[in-house]
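# Observations on the model geometry
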Amino acid sequence: MPDLLGLVAYGSFFLAIIGINAIGCLGLNLQWGQTGLFNVGIAGFIAIGAYTSALLTTPATTDHIGGLHLPILIGWLGAMITSGLASFLVGAATLRLRSDYLAITTFGVAVTVHLVTLNAQSLTGGSFGIAFIPRPFETYASQPAVFGLANLALIVAVVVVLYVGLERLVRSPWGRVLRAIREEERAAASLGKSATRYRLQAFALGGAIMGLSGAIHASFIGFIAPDNYLSSVTFQIWTMLIVGGSGNNLGAILGAALIWTTWSATGFFTGMVFPPEQQARAAALQIVAIGLILSGTIVIRPRGLLGERTTVSRHLNG
Amino acid sequence: MQDRPSGSTGTQATGASPILSTLSLSKHFGGIAAVDGVSISVQRGAIVGLIGPNGAGKTTMFDMLAGDLKPTAGEIRLQGRAVQAEPAHARIRAGLGRTFQIPRPFAAMSLVENVMLGKQGQSGEVIWPNWFRPGLVAAEERRNFTEAMELLEFVTLQHLAHEPARVLSGGQRKLLELARVLMAKPEIVLLDEPAAGVNPSLLEIIIERIGALNSRGMTFLIIEHNMDLVSRLCRHVFVMASGKLLVEGTPETVVRDPDVIEAYLGGAKV
Ligand SMILES: Nc1ncnc2c1ncn2[C@@H]1O[C@H](COP(=O)(O)OP(=O)(O)OP(=O)(O)O)[C@@H](O)[C@H]1O
Ligand SMILES: [Mg+2]
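All right, on to the overall build of chain A then. The secondary structure content of chain A amounts to 13 helices and zero strands. When its helices and strands are written in sequence order, chain A yields α-α-α-α-α-α-α-α-α-α-α-α-α. Here chain A has a C-alpha radius of gyration of 20 Å; the compact-globule value for 318 residues is 20 Å, and the two agree. With the C-alpha coordinates aligned to their principal axes, the bounding extent of chain A is approximately 60 × 45 × 35 Å.

Have a look at this one:
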């Protein structure tokens, strides 16, 4: 039954992409939803993770340096470390200043990372990108349905572990301090909480999670190029969080599912309706659809589908 | 913390070193000297008042004492240590807590968690124990919850414990701030107009509670326009006007001081 198998392969691919976006969105939720840190360079931190993992896991090659051929999990861990470190440095430089500096700097990071990926050919392969990135369960690649399901299972496992880990972390006294700092920084300081210290922790951890999402995406597709990491990615992740519910980890996952489904469905629809020569222009309708959902959410349900809880700590079962 | 009778005097040389003192403390905003060379000293175990007409510089004084504003000049000594260069979040560890004139509740958070944030040294405020020692964090949370509920009861807000702080009235917000700072168990508390917007029967309770806390050794420095509260709680008051320390003494003597009367009636005289 080739049709059914094809459907399974497509379905698992589709859900896997949702999972990968959900991971990035969970990272943003820690930064923005919990802590109020405005990151407009998400694509840059995702790219750092993707390239790190690619360089660590690809076999030796003459196209670019790296090619250490390390296990995939090491690549993902390395991605979290480099993205986390990059976020830490950006945070350390700007979090003491007024909050707009962080936004400007993250934007600069994304632009810089994009330029580096384009131009540092010996490191990143330039505009051709990096190919032959080892994929998990590569041995099943000839059976797309099995391959897709195995990858989906792995990605779902990562999302679940991340979700549980983040819930434990933010629905705790630590998460309560983040909220307190976001809501009333001076009052939090008067109670002994160092805003800079907590913001830095949340920003670095959120950045590491974004890096992980980039790494998993790179390993899943097997090929990366600079154009994967344009500001439209940042826009998408932001929309997912706002629609799903800023400050709520389940909302972040839900938002990822909803927005990616809309994105794919409008893409499918325009592909059916418009003739091939109009396709490039019709693609703009995808962004229009997302924009409509975003505006609708902001007007009708500004806290998103799932809002923030009044009781922060899970130990108080409120 | 030593036990002292409520309202022992504030500044005079009794031999004991003061818990909090300032030396020629000044704060300039552009051309205005909001605080201008003020030296005060608060003895451990005292309840001391800081009064003066609107705009005298009292809150600015508190903001410097609490580390929210860097002084333009002068020194702040807390428990014998110069702290004026330290950040605000380091004050509570040095034993100093404060409330704000305009309350600053964590509006979207439940009252009980507002108060729990005051607790110092929580393991769960560090990342790792939440993942690797959840039992420890849970046990601490239970204890802190009980403690916070007692404090909410103390300020008569226990029935709202699980409501978000944004539902509170102005007076209730002042009470929440009091409970929150007490949760931190400071040795000295700066209260900025604790009576403002609080109804008379509740005010009686607050006065009584401050006295009770003081008899257990807690030191208070209180900004207040309500002279009833001041004269009942404070043995010693500082009077500020136009950024300067005008006089100090017992409430009874300072209210009869011609300079003080002049400052309150005639717009500040310098
Ligand atoms: N950030 C600021 N910038 C400029 N001027 C300020 C600032 N903060 C306070 N001031 C000025 O400093 C003076 C003292 O203000 P402060 O709030 O300390 O008075 P206060 O004694 O607490 O008065 P009140 O009893 O009305 O609360 C006022 O003239 C005020 O306008
Ligand atoms: Mg004031």
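Additional details are given in the paragraphs that follow.
Right, let's talk about the site of ligand 1 for a bit. All names here are of chain B. Looking at ligand 1, the residues that line it are Phe29, Ala34, Asn54, Gly55, Ala56, Gly57, Lys58, Thr59, Thr60, Gln101, Glu193 and His225. With respect to ligand 1, the side chain of Asn54 contributes an N or O atom lying 2.8 Å from an oxygen atom. A distance of 2.9 Å separates an oxygen atom of ligand 1 from a polar atom in the backbone of Gly57. When the free accessible area of ligand 1 is taken as 640 Å², the share hidden by the protein chains comes to 62%. For the shell around ligand 1, the element with the most residues is helix 1 (residues 58–65), which contributes three residues. When grouped by side-chain class, the residues that make up the shell around ligand 1 number three nonpolar, seven polar and two charged.

The next thing to look at is the coordination of the magnesium ion (ligand 2). Residues and elements named next belong to chain B. Distances from the magnesium ion (ligand 2) to its protein donors, namely Thr59 (OG1) and Gln101 (OE1), fall within the range 1.9 to 2.1 Å. Taken as a pair, Thr59 in helix 1 and Gln101 in the loop between strand 7 (96–98) and helix 2 (111–116) lie far apart in primary sequence, 42 residues in all. Overall, the relative accessible area of 24% leaves Thr59 in the partly exposed class.

It is worth spelling out the side chain of Thr52(A) at this point. If you trace the backbone, Thr52(A) turns up in helix 2 (residues 42–57). The contacts of Thr52(A), once residues within four sequence positions are left out, are Gly78(A), Ala79(A) and Thr82(A).

Strands belonging to one sheet form pairs held by backbone hydrogen bonds; the direction of such a pair is parallel or antiparallel. Residues and elements named next belong to chain B. The strand order across the open sheet built from six strands is 7-8-9-4-10-11, with neighbouring strands paired in mixed fashion. In this open sheet, the two strands that pair with only one neighbour each are strand 7 and strand 11 (244–249). Across the sheet, the mean angle from the axis of one strand to that of its neighbour is 20°, orientation sign disregarded. Of the pairings in the sheet, the one linking strand 8 (residues 188–192) to strand 9 (residues 219–223) comprises five bridges and is parallel in character. Following the sheet pairing, Leu191 is matched in strand 9 by Ile222. Each of strand 4 (47–51), strand 10 (236–241) and strand 11 touches helix 9 (residues 258–265); the most contacted strand, strand 11, lies at about 130° to it.

Time to look at the pattern of salt bridges. Applying the stated rule across the entire model yields 24 salt bridges over all chains. Between Arg186(A) and Asp63(B) there is a salt bridge, with its nearest N and O atoms 3.1 Å apart. Highlighted residues: Arg186(A) in helix 8 (residues 185–190) and Asp63(B) in helix 1, drawn from two different chains. Residue class for Arg186(A) comes out partly exposed when judged on its relative accessible area of 27%. One salt bridge connects Glu204(B) with Arg232(B), and the closest N-O pair in it is separated by 2.9 Å. Linking Glu204(B) in helix 6 (residues 200–215) with Arg232(B) in helix 7 (residues 227–233), this pair joins segments that are 28 residues apart in sequence. Looking at Glu204(B), the relative accessible area reads 37%, which means it is partly exposed. Classification of Arg232(B) by relative accessible area gives partly exposed; the value is 43%. A network of salt bridges, in which partner residues are shared, links Arg179(A), Arg182(A), Glu183(A) and Glu308(A).

Of the residues lining the interface, 33 residues belong to chain A; the matching set on chain B comes to 38 residues. Here chain A packs against chain B, burying approximately 3,100 Å² in sum over the two surfaces, 58% of which is carbon and sulfur. Ranking the residues of chain A by area buried against chain B places Arg176(A), Arg186(A) and Leu191(A) at the top, with a combined share of 23%. Taken together, the connections running from chain A to chain B amount to six salt bridges. Salt-bridge contacts for Lys193(A) lead to Glu125(B); the nearest nitrogen and oxygen are separated by 3.0 Å.

Attention now moves to the domain arrangement of chain B. All names here are of chain B. Partitioning chain B into structural domains gives domain 1 (1–104 + 185–270) and domain 2 (106–167). Centre-to-centre separation of domain 1 and domain 2, based on C-alpha positions: 29 Å. Between domain 1 and domain 2, the residue contacts involve seven residues of the former and eight residues of the latter. The contact between domain 1 and domain 2 buries some 530 Å² in all, and 54% of this surface belongs to carbon and sulfur atoms. A per-residue breakdown of the area domain 1 buries against domain 2 is headed by Ile92, Lys185 and Arg209, which together make up 61% of the total. For the pair domain 1 and domain 2, the number of links is one salt bridge. Our enumeration of links across domain 1 and domain 2 arrives at two residue pairs in polar contact (both at pLDDT 80 or more). Considered class by class, the residues forming the side of domain 1 that touches domain 2 number four nonpolar, no polar and three charged.

The next thing to look at is a nonpolar patch on the surface. Taken together, the side chains of Tyr10(A), Phe13(A), Ile221(A) and Phe223(A) present a nonpolar region at the surface, about 360 Å² in accessible area. Position of Tyr10(A) among the secondary structure elements: in helix 1 (residues 2–34).

Bringing the pairing of strand 8 of chain B into the picture now. Residue and element names in this part refer to chain B. In terms of burial, strand 8 is a largely internal element, five of the five residues being buried. Residue alternation in strand 8 divides its side chains into two sets, Ile188, Leu190 and Asp192 and Val189 and Leu191, and both sets are buried. The sheet contact formed by strand 7 and strand 8 spans three bridges and is parallel. Residue Leu96 lies in a different strand from strand 8, and its bridge partner there is Ile188. This β-α-β element, strand 8 to helix 6 to strand 9, shows right-handed connectivity.

Take the packing of aromatic side chains next. A complete count under the given rule lists nine aromatic pairs over all chains for this structure. Pairing Trp32(A) with Phe38(A) gives two aromatic rings, centres 5.6 Å apart and planes at 70°, and the pair type is edge-to-face. What makes Phe38(A) partly exposed here is its relative accessible area of 37%. Between the NZ or CZ atom of Arg104(B) and the centre of the ring of Phe100(B), over which it lies, the distance is 5.2 Å.

Cut-offs and rules
Residues numbered from 1 in each chain as written. Chains lettered and ligands numbered in written order. Predicted model: local features only at pLDDT ≥ 70, side-chain atom pairs only at ≥ 80, totals over all residues. Heavy atoms only, no water. Helix = DSSP H or I, 4+ residues; strand = E, 2+ residues; numbered from the N terminus. Rg over C-alpha atoms; globule rule 2.2 N^0.38 Å. Near = heavy atom within 4 Å. Polar contact = N/O pair within 3.5 Å; in protein donor to acceptor, adjacent residues only side chain to side chain. Areas by Shrake-Rupley, 256 points an atom, 1.4 Å probe, with all protein chains shown as cover. Nonpolar A, V, L, I, M, F, W, Y, C, P; charged D, E, K, R; others polar. Donors = N, O, S within 2.8 Å, 3.2 Å for Na, K, Ca; no water. Buried < 20%, exposed > 50% of the residue type's maximum accessible area, 1.4 Å probe, protein only. Contact = heavy atoms within 4.5 Å. Pairing = 2+ DSSP bridges. Axes fitted to C-alpha atoms, helices over the stretch in contact; angles between N-to-C directions. Salt bridge = Lys/Arg side-chain N within 4 Å of Asp/Glu carboxyl O. Buried area = accessible area lost by both parts, 1.4 Å probe. Domains from an automatic or database assignment. Patch = residues over 30% accessible without salt bridge, like charges linked within 9 Å, V, L, I, M, F, W, Y side chains within 5 Å. Right-handed = clockwise from strand over helix to strand, strands pointing away. Phe/Tyr/Trp six-rings, centres within 6.5 Å; stacked < 30°, edge-to-face > 60°. Lys NZ or Arg CZ within 6 Å of the ring centre and 35° of its normal.

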